[in-house]
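Letter by letter, the chains look like this.
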Amino acid sequence: MLVYSRPRLLICAALIMTLVLSVTLSSAAFASVAGSPLFQISSDPYTNSTSQHKTEVEPDSYSNGTTIVAATQVGRFTDGGASNIGWSTSTDNGTTWQGGFLPNTTVNATPPGTYDRVSDPSVAYDGAHKRWMISSLAISNTLGSAVGVAVLVSISTDGGLTWNPPVEVANANGGFFDKDWMVCDNTATSSFYGHCYVEWDIASSGDQVQMSTSSDGGSTWSAGQGTADNASGLGGQPLVQPNGTVIVPFLNAGGLGSTSSIAAFTSTDGGASWSNSVTIASQTDHQVSSIRTEPLPSAEIDSAGKVYVAWQDCRFENGCTANDIVMSTSTDGNSWSAVQRIPTDAVGSNVEHFIPGLAVDATTSGSTAHLALAYYYYPDANCTASTCQLEVGFVTSVDGGNTWSTNTTLTPSAMNLTWLANTDSGYMVGDYISTSFSDGKAFPVFVTASAPSGNQLNEALFTAKTGLAVERGTEAASAEHVVFTRTQTTRSVLYTAF
């Protein structure tokens, strides 16, 4: 099995034009997928000459009740970050959408903020304080290179329809940060109900993982804190069990020549302290042609507190010739199941699967948990920048991931890579994508593109307008015949450059 090493990817109160997208973008619903039109929910309005337009990349989403909020980078810079963060909100289970752009973030925002760029949006809801939140990474280009200088949280108190100026969670103070993600404890019986947690890494200190906690609706945040073993990694996605235990899966990748892994750590005291990290599984992935991607985990939780973690991995393919999407689960964050292959295509099909966006219906659990997975793929893993055809696939499970539906292609036609925003690490749709459930239906949120119009790209954010039903499938997940020993993660510095 081949292990690929590569340099680190460059990661990089006022509403400025509320768009009633159900009206103004209705013409963008251009394909029917399983009976649901593919529907555009955001578009890049910026014109600054320093970034690429019209481009949107790297969405996240979250749902609560009848509301879904999505956020995405808008106006991507080649060397990291974006002109601003766009938001799109539906308050009626995805039937209609409104959207706009965060205020007071970058110099391009309305009103303008102080930062040059912003990146890595993550969406959460705090039920105790009735607040929606979008975390993001503020970026400075003062010295001619993009540096993550602060973690921000923007707050909405009216259901995700207007947003306040951002609160600073942490400041890099001369170092640089990367890859924030957030979650809130929404179980009323939890001892830590209303605690919200933000994860990021200090890229200038070997990607040391940091956690910060708020107990007042995101208005103030604790100082950043590492794990008990000073774990290093990126792409952590914190989740909260009903008893208040926080579980944070993340990518822990070794340096040149070493083996990467998917790992996790926990907190049982409301974020006052964080455990040693444990290995979920070793990680081996095939180098995806010409597009920016890393095997970052996509993590979700069911109503009983079982955690599901998916990532791209080539362990099931002879010679590591292509990536599958694989998954591991845990009920306590310490012991994890053997890795299972999600059967999106047959082993040996040479289909390249990457950038998963996993969702679990929070009203379901265990052997009847409903799962939905969106992902990007190339029909031919051996393609090149000029021949790769990019598609978005989708599969579902009604039995906790034991069996899956046959795959559905969500994109109406294949995308050429040259239609996408370009970066120093390849063409880009995002380091992650997202899927959320609302009223029992799945809403994958992802970027698609069509042919450029002159000098402008046409890369924007879409979802399935009425949601996608979770279908019973007969394609069985397959597990490795290896018993994994759960050990503490003791890897050294991951990366040394932003």
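Residues numbered from 1 in each chain as written. Predicted model: local features only at pLDDT ≥ 70, side-chain atom pairs only at ≥ 80, totals over all residues. Heavy atoms only, no water.

A. Here's a closer look at the state of the cysteines. Scanning the model with the defined rule gives three disulfides in all. Here Cys314 is linked by a disulfide to Cys320, with a sulfur-sulfur distance of 2.0 Å. Between Cys314 and Cys320 the disulfide shows an S-S torsion of about -85 degrees. By sign, it is left-handed. Here Cys314 matches Cys320 in class, with each residue buried. (Disulfide = S-S within 2.5 Å. Buried < 20%, exposed > 50% of the residue type's maximum accessible area, 1.4 Å probe, protein only.)

B. Structural context of the layout of surface pockets. For the largest pocket, the calculated volume is near 910 Å³. Lining of the largest pocket is provided by 43 residues; of these, Tyr62, Ser63, Glu300, Ile301 and Ala362 occupy positions nearest its centre. Among the elements of the structure, strand 4 (56-64), strand 12 (177-184), strand 15 (239-240), strand 19 (298-301), strand 23 (352-360) and strand 31 (434-438) are those that each provide at least two residues to the lining of the largest pocket. Looking at the lining of the largest pocket residue by residue, the class counts come to 20 nonpolar, 17 polar and six charged. (1 Å grid on protein atoms, 1.4 Å probe; cavity = no way out; pocket = protein on both sides within 12 Å on 5 of 7 lines; lining within 4 Å. Points joined across faces, edges and corners; volume = space filled by probe spheres on them. Helix = DSSP H or I, 4+ residues; strand = E, 2+ residues; numbered from the N terminus. Nonpolar A, V, L, I, M, F, W, Y, C, P; charged D, E, K, R; others polar.)

C. Layout of the side chain of Asp185. Tracing the chain through its elements places Asp185 in the loop between strand 12 and strand 13 (196-202). Engagement of the side chain of Asp185 in a polar contact is seen with the backbone nitrogen of Thr187, the distance being 3.2 Å. Setting aside residues up to four positions removed in sequence, Asp185 forms contacts with Ser190, Phe192, Tyr193, Gly194, His195, Val240 and Gly244. (Polar contact = N/O pair within 3.5 Å; in protein donor to acceptor, adjacent residues only side chain to side chain. Contact = heavy atoms within 4.5 Å.)

D. Fine view of the nonpolar core. Counting residues in each nonpolar core, the largest one holds 42 residues, and the members touching the most others are Ile291, Tyr376, Tyr378, Leu390 and Leu420. Per-element accounting of this core gives the leading share, six residues, to strand 32 (residues 441-453). In contact with Tyr378, other than residues within four places in its own chain, are Val288, Ser289, Ile291, Asn350, Val351, Glu352, Phe354, Cys383, Cys388, Gln389, Leu390 and Leu417. (Core = buried A, V, L, I, M, F, W, Y, C linked by side-chain atoms within 4.5 Å.)

E. Geometry of the environment of Met211. Here Met211 lies in strand 14 (residues 208-214). Sequence spacing of Met211 and Asp180 is 31 residues, and the spatial spacing of their C-alpha atoms is 9.5 Å.

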